[in-house]
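Here is how the chains run, residue by residue.
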Amino acid sequence: MDRDEGEHAMNSDNSRLAAAYIQLIPLLHRGFDMPSARQLMPELTHLQYHVLEALYHQPDSYSMSLLAKHLHISKQQLTPLIAKLEEKECLTKQPDPQDKRQIGLSLTEKGRRIVSSRWESFHHKLSQQLDRLSEEDRDDLGFCLEKMTRILRRLDPDTSKAD
């Protein structure tokens, strides 16, 4: 097999894998749908909840710039969201000790509880759904999920260094 044929085969394999992964996404959303954030805290908008979710998964405080980039929105869009969430006592702002121009964002205990209760609700619902599977199917699913997680982390520039 020459180089062009090898590249074509690899591109074909990658295309097949990408298509299979894309087919998996709607199945995951339908089969393992998370409870709506609105059910747990109706006064939050969808985007406000996404801000809390991003901060929840960030161990340190997050700058406004990085959070805006992470959420794919402008800092101008983020500013009123942060103001409302601060007003609702879901997050705090503190100046960066190294750079006073930067503002660090962190969840308050209330903000952390909101996100963790949604994850707990999702975990409970998912556990109930998994009861419908046979033990063999649960074992197979567990093996596949662990392997997929390990492999997909290699594609994530933030987690690939940890593997």
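Residues numbered from 1 in each chain as written. Predicted model: local features only at pLDDT ≥ 70, side-chain atom pairs only at ≥ 80, totals over all residues. Heavy atoms only, no water.

Trainee: I would appreciate a short explanation of the sheet that holds strand S2 (residues 91-95) in the present structure.
Mentor: Strand pairing in a sheet relies on backbone hydrogen bonds. The paired strands run either parallel or antiparallel. If you walk across this open sheet you meet the three strands as S1-S3-S2, and the pairing is antiparallel. Looking at the sheet topology across the chains shown, the edges are occupied by strand S1 (62-63) and S2. As paired strands, S2 and strand S3 (residues 103-107) are joined by five bridges and run antiparallel to one another. Residue pairing for S3: Thr92 is matched across the bridge by Ser106. (Pairing = 2+ DSSP bridges. Helix = DSSP H or I, 4+ residues; strand = E, 2+ residues; numbered from the N terminus.)

Trainee: Teacher, can you tell me more about unusual backbone geometry here?
Mentor: A negative phi holds for most residues other than glycine; trans holds for most peptide bonds. Positioned with a positive phi, His72 is a non-glycine residue whose angle comes to about 60°. As for its position among the elements, His72 is in the loop between helix H4 (64-71) and helix H5 (75-87). For His72, a relative accessible area of 72% corresponds to the exposed category. Even without a glycine there, the phi angle at Glu89 is positive, about 60°. Position of Glu89 relative to the elements: it lies in the loop between H5 and S2. Looking at Glu89, the relative accessible area reads 56%, which means it is exposed. (Buried < 20%, exposed > 50% of the residue type's maximum accessible area, 1.4 Å probe, protein only.)

Trainee: What should I look at first to understand the side chain of Glu53 in this one?
Mentor: In this fold, Glu53 is placed in helix H3 (residues 46-56). Buried and unpaired, Glu53 has no salt bridge, with Arg118 as the nearest side chain of opposite charge at 4.2 Å. In this structure the side chain of Glu53 is engaged in a polar contact, spanning 2.8 Å, whose partner is the side chain of Trp119. Beyond its immediate stretch of four places on either side in the chain, Glu53 contacts Val115, Arg118 and Trp119. (Lys, Arg positive; Asp, Glu negative; His and termini not counted. Salt bridge = Lys/Arg side-chain N within 4 Å of Asp/Glu carboxyl O. Polar contact = N/O pair within 3.5 Å; in protein donor to acceptor, adjacent residues only side chain to side chain. Contact = heavy atoms within 4.5 Å.)

Taken by themselves, the reported measurements are silent on function.
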